[in-house]
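# Descriptive analysis of the structure
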Amino acid sequence: MGLRTLEEYVSSLQDDRAVYILGEKVEDVTTDPMLEIGVKTAGIDYRMGEMDDFRDLATVTTDSGEAISRYYYVPKDSEDLLKRHELMVTATRLGGGVIPFTKDVGSDAMNAVSIVANIMGKSEYLERAEEYRRHLQKNDLSVACAMTDVKGDRGKHPSSPEQAHPDYYVRVVDRDDKGIVVRGAKVHITAAPYCNEILVLPCRNLSQADADYAVSFAVDAGAEGVVQICHPMDRGPGALEFPVDMPWRMHTDSLIIFDDVFVPWERVFLCGEYDAALHLVYNFAYIHRHTAASYRIPMSEAMLGMAYAIAKYNGVLRYAHVRKKLVEIMIYVDTLKSMANASCINAVVHGGLPIPNPKLSNIAKYHFANNYHNCVKALQDIAGGIVVTGPTYKDYMNPEEKPYIDKYLGGTADVSTEDRLRMLQLIRRVFASDLGGYSEILALHAEGSLAAQELMVFGESLAEAEEYQKMAEMAAGIQVDTPPTLPEYEKVYKALREMRD
Ligand SMILES: Cc1cc2nc3c(=O)[nH]c(=O)nc-3n(C[C@H](O)[C@H](O)[C@H](O)COP(=O)(O)OP(=O)(O)OC[C@H]3O[C@@H](n4cnc5c(N)ncnc54)[C@H](O)[C@@H]3O)c2cc1C
């Protein structure tokens, strides 16, 4: 089949999948008033493949002459990773700060599955991973990655008898010569209601007692026993807000219940190998944190754009403390960009696949998440209290109120009151609303909580820290007998010893 059109993607979702939102079963996700926004957001990936300006970025022609989505192409080097990075950033800019999320995250998971199949060296897993990648390439499918289990008591292992029941983590409950039956639930799964497939990964390290929970597989989103419960999503400016002639993009994240779902062996990528679960978790996290850093770039650019605009509109751009706050956001944006780029340039090879540098990707994601609230604070401070106390569009359209609003809610003379109110409305919508709260939680938790990145940065920095310790000890005049382990320190260490002698 090869590349699909946007229309083909949309019609592929018109099946009898079990999706619920606001207490009702959804008849058709493509026409549901909320979910259709998600379908359009995910559809950007397909639209890009149809547009002359973006086709080369969104697609790759393989050596055999077949055009496939760039997401399902196996990266060969840093250049390929940078192109993929550019694709994610561009797609997110087209989504007004929201990434399509249906091939990027799915291919992150696909690549992690390939890496771990390679590390394990089991031929059946290698063949299945390869076959699954072909399936995604040939049919140009959208794939959600379901990693986060509902977990129950976070302090207990999945199989612990102290968990209230054994299904807080997805597990294998039956198997025969045709496949396995899985039970459990994954939570917060972005875009899954309008994906074709769900690729499931374990979400933590597992012990031998947890072997049934060491399971990775892919299923059709409409498979029997797969039930999704979605949270409502922001539908863009409503009747009380100034109309905006730009498309509104957003996603839902669903609770996916696997109610004894059958999975054929061809789609099983891990089953019982508890000691490989952490490899899968880590390799997905390494890759996906770079994806996260990439799609946060347009979001942070938008934040800077709003802060800068409202500083001008309010006539406060020249004040030192306002500039300091803008500089804070400027540094935030460019540090994120640099780190995301650097992680592609300093790629490493895992299980035969080049991936963005794990340490730098984690630092990029941590930087974004850990500083997001401070940047929001800077923007809110610059914008003023009117962000939350301003009149509505309805008031502005009332001829009795409009002259007052025009006269008293202006800013600098070169900006109309309406434009100022429009910018304030955008700031309110993105940073001081339900959506604003959602985005703050998203920054902290999506792609793993801060502690998860701290853990990885610590682990990935240890070899260097050991080396720095030796240098510090030498500088302190402490006898250092162990030679360096990192090649770049070998000559320096030798030379320093010689110079000292
Ligand atoms: C908007 C959004 C979109 C998301 N999209 C996806 C998606 O598409 N696919 C997907 O698989 N996941 C997705 N996630 C899930 C995301 O990865 C998790 O939210 C994140 O890993 C935190 O898990 P949790 O929400 O269950 O929080 P919790 O596990 O309850 O964590 C809360 C706090 O407890 C700490 N904690 C929890 N367990 C432990 C422990 N054992 N030891 C020490 N500290 C612990 C955490 O570090 C954190 O500080 C999404 C999340 C959000 C918010």
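Residues numbered from 1 in each chain as written. Predicted model: local features only at pLDDT ≥ 70, side-chain atom pairs only at ≥ 80, totals over all residues. Heavy atoms only, no water.

### Overview of the site of the ligand
Keep this limit in mind: Any residue with a non-hydrogen atom lying within 4 Å of a molecule or strand is treated as near it. Two N or O atoms form a polar contact when they lie within 3.5 Å of each other; inside protein one atom must be a possible hydrogen donor and the other a possible acceptor, and for residues adjacent in sequence the pair counts only when both atoms belong to side chains. Numbering of helices and strands runs from the N terminus; a helix is a DSSP stretch of H or I covering at least four residues, while a strand is a stretch of E covering at least two. Under the scheme applied, nonpolar residues are Ala, Val, Leu, Ile, Met, Phe, Trp, Tyr, Cys and Pro; charged residues are Asp, Glu, Lys and Arg; polar residues are all the others, including Gly. Domain delimitation follows an automatic or database domain assignment.
In the vicinity of the ligand there are 19 residues, among which Met147, Thr148, His188, Thr190 and Ser449 approach most closely. In this structure, an oxygen atom belonging to the ligand sits 2.9 Å away from a side-chain N or O atom of Arg154. At 3.4 Å from an oxygen atom of the ligand is found a main-chain nitrogen or oxygen belonging to Gly448. Among the secondary structure elements, those contributing two or more residues to the shell around the ligand are strand E5 (143-146), strand E7 (179-190) and helix H14 (434-445). Tallied by class, residues from the shell around the ligand come to 9 nonpolar, 6 polar and 4 charged. Looking at the shell around the ligand, you find at least three residues from each of domain 1 (6-277) and domain 2 (286-455).

### Things to note about the packing of helix H7 (residues 274-313) against helix H15 (residues 450-475)
Convention followed: In this analysis, axes come from line fits to C-alpha atoms, helices being fitted only over the stretch in contact, and the angle between any two N-to-C directions falls in the range 0 to 180 degrees. Note that the term roughly parallel is reserved for angles under 35 degrees, roughly antiparallel for angles over 145, roughly perpendicular for angles of 65 to 115, and oblique for everything else. We call two residues in contact when some of their heavy atoms are within 4.5 Å.
Two numbers describe how H7 lies on H15: the axes approach to 12 Å, and their chain directions differ by 100°. Here H7 lies roughly perpendicular to H15, going by the angle between them. For the pair H7 and H15, contact is made by Tyr282, Ala285, Tyr286 and Arg289 and by Ala452, Gln453, Leu455, Met456 and Glu460, respectively. Each residue belonging to the contact of H7 with H15 can be placed in one class, and the counts come to 6 nonpolar, 1 polar and 2 charged.

### Thoughts on the packing of H7 against helix H8 (residues 320-345)
As a reminder of what qualifies: By convention, the crossing between two helices is left-handed when the near helix turns anticlockwise from the far helix through less than a right angle, and right-handed when the turn is clockwise.
In the contact formed by H7 and H8, the axes pass within 9 Å of each other and the chain directions differ by 160°. Here H7 is positioned roughly antiparallel relative to H8, judged by the angle of their axes. Crossing of H7 against H8: the hand is left-handed. Judged by residue contacts, His290, Ala293, Arg296, Ile297, Ser300, Glu301, Met303, Leu304, Ala307, Tyr308 and Ala311 of H7 engage Val322, Leu326, Ile329, Met330, Tyr332, Val333, Leu336, Lys337, Ala340, Ser343 and Cys344 from H8. When its residues are assigned to classes, the contact of H7 with H8 shows 16 nonpolar, 3 polar and 3 charged.

### A look at the domain arrangement of the protein
The cut-off we apply is this: Buried area is calculated as the accessible area (1.4 Å probe) missing from two parts once they are joined, with the contributions of both summed. By definition here, a salt bridge exists when the distance from a side-chain nitrogen of Lys or Arg to a carboxyl oxygen of Asp or Glu is within 4 Å.
Here the protein is partitioned into domain 1 (6-277), domain 2 (286-455) and domain 3 (456-500). Computed from C-alpha coordinates alone, the two centres of domain 2 and domain 3 are separated by 40 Å. Between domain 2 and domain 3, roughly 700 Å² of surface is buried when both sides are summed, and carbon and sulfur atoms account for 56% of that area. Where domain 2 touches domain 3, the interface holds 1 salt bridge. Here Lys359 and Glu464 are joined by a salt bridge, their closest N and O atoms 2.5 Å apart. Split by residue class, the side of domain 2 that touches domain 3 holds 5 nonpolar, 2 polar and 3 charged.

### Structural notes on the side chain of His135
Tracing the sequence through the fold places His135 in helix H6 (residues 123-139). A distance of 3.2 Å separates polar atoms of two side chains, one belonging to His135 and the other to Glu197. Those residues within four positions of His135 in sequence are excluded, and the remaining contacts are Asp140, Leu141, Glu197 and Arg267.

### Considerations on the sheet that holds strand E1 (residues 18-21)
What counts, and what does not: The criterion for strand pairing is that DSSP finds at least two bridges linking the strands in question.
Here 6 strands make up an open sheet; going across it, the order is E2-E1-E10-E11-E7-E6 and the pairing mixed. With one partner strand each, in any of the chains shown, strand E2 (24-25) and strand E6 (171-175) form the two edges of the open sheet. As paired elements, E1 and strand E10 (residues 226-230) share 4 bridges and run parallel to each other. Along E10, the bridge assignment pairs Tyr20 with Ile229.

### Some remarks on the layout of surface pockets
The rolling of a water-molecule-sized probe over the atoms marks out the regions of remaining empty space. Going by this rule: Only protein atoms enter the 1 Å grid used here. Points where a 1.4 Å probe fits but cannot escape make up a cavity, open sets with protein on both sides within 12 Å along at least five of seven lines make up a pocket, and a residue lines them when an atom lies within 4 Å of a point. Grid points are joined across faces, edges and corners, and a volume is the space filled by probe spheres set on the points.
The space that makes up the second largest pocket amounts to roughly 220 Å³. Lining the second largest pocket are 13 residues, and of these Met233, Asp234, Ser433, Asp434 and Leu435 sit closest to its centre. Those elements giving two or more residues to the lining of the second largest pocket turn out to be helix H13 (417-431) and H14. The dominant element in the lining of the second largest pocket, judged by the number of residues it contributes, is H14, at 3 residues. Residues belonging to the lining of the second largest pocket are distributed by class as follows: 5 nonpolar, 3 polar and 5 charged. Each of two domains, domain 1 (6-277) and domain 2 (286-455), supplies a minimum of three residues to the lining of the second largest pocket.

### Some remarks on the packing of aromatic side chains
What counts is decided by this rule: Any pair of Phe, Tyr and Trp rings, taking the six-membered ring for Trp, is counted once the centres come within 6.5 Å. Such a pair is stacked with planes under 30 degrees apart, edge-to-face with planes over 60 apart, and tilted for the rest. Summary of the burial criterion: residues with accessible area below 20% of their type's maximum are buried, those above 50% are exposed, and those between are partly exposed, where the area comes from a 1.4 Å probe applied to protein chains only.
In the structure shown here, the tally under the stated rule is 11 aromatic pairs. An angle of 80° between the planes, with centres 6.0 Å apart, marks the rings of Phe101 and Tyr295 as edge-to-face. A residue pair is termed long-range when its members are at least 10 positions apart, and Phe101 in the loop between helix H4 (78-94) and helix H5 (104-120) and Tyr295 in helix H7 qualify at 194 residues. Like Phe101, the residue Tyr295 is buried in the burial classification. An angle of 90° between the planes, with centres 5.7 Å apart, marks the rings of Phe217 and Phe258 as edge-to-face. With Phe217 in strand E9 (residues 215-220) and Phe258 in strand E11 (residues 253-264), this residue pair connects regions lying 41 residues apart in the sequence.

### Thoughts on a nonpolar patch on the surface
Defined as follows: To count toward a patch, a residue needs a relative accessible area above 30% and no salt bridge. Like charges then connect within 9 Å, nonpolar side chains (Val, Leu, Ile, Met, Phe, Trp, Tyr) within 5 Å. Note on areas: Shrake-Rupley with a 1.4 Å probe; residue coverage comes only from the protein chains shown.
Taken together, Val327, Met330 and Ile331 make up a surface patch of nonpolar side chains, about 250 Å² in accessible area. Examined against the element boundaries, Ile331 turns out to sit in helix H8.

### Comments concerning empty space enclosed by the protein
Applying the stated rule across the entire model yields 6 cavities of 30 Å³ or more. If you trace the largest cavity, you find it lined by Pro75, Leu81, Arg84, His85, Met88, Asn111, Ile287, His290, Leu353, Pro354, Ile355 and Pro356. At the level of secondary structure, the elements contributing two or more residues to the lining of the largest cavity comprise H4, H7 and strand E14 (353-355). Broken down by element, the residue count for the lining of the largest cavity peaks at 4 residues, all from H4. Of the domains in this structure, domain 1 (6-277) and domain 2 (286-455) are the two that each give at least three residues to the lining of the largest cavity.

### Comments concerning H8
For clarity, the threshold we go by: Expected helix span is computed as 1.5 Å times (number of residues minus one).
In a regular helix each residue adds 1.5 Å, so 26 residues correspond to 38 Å; H8 covers 36 Å between its end C-alpha atoms and thus fits that length. Among all positions in H8, only Val322, Leu326, Ile329, Tyr332, Val333, Leu336, Met339, Ala340, Ala342, Ser343 and Cys344 are buried. Along its buried surface, H8 packs onto H4, H7 and helix H9 (358-383).

### Here's the deal with the sheet that holds E9
If you walk across this open sheet you meet the 4 strands as E5-E8-E9-E12, and the pairing is mixed. The open sheet terminates on both sides in strands that have one partner only, identified here as E5 and strand E12 (268-271). Here the strands of the sheet are splayed against their neighbours by 20° on average, with no regard to which way each runs. Relative to strand E8 (residues 197-200), E5 is paired through 4 bridges, and the arrangement is parallel. What sits directly across from Cys145, in E8, is Leu199. Against the sheet, H6 touches E5, E8, E9 and E12, its axis set at about 145° to E12.

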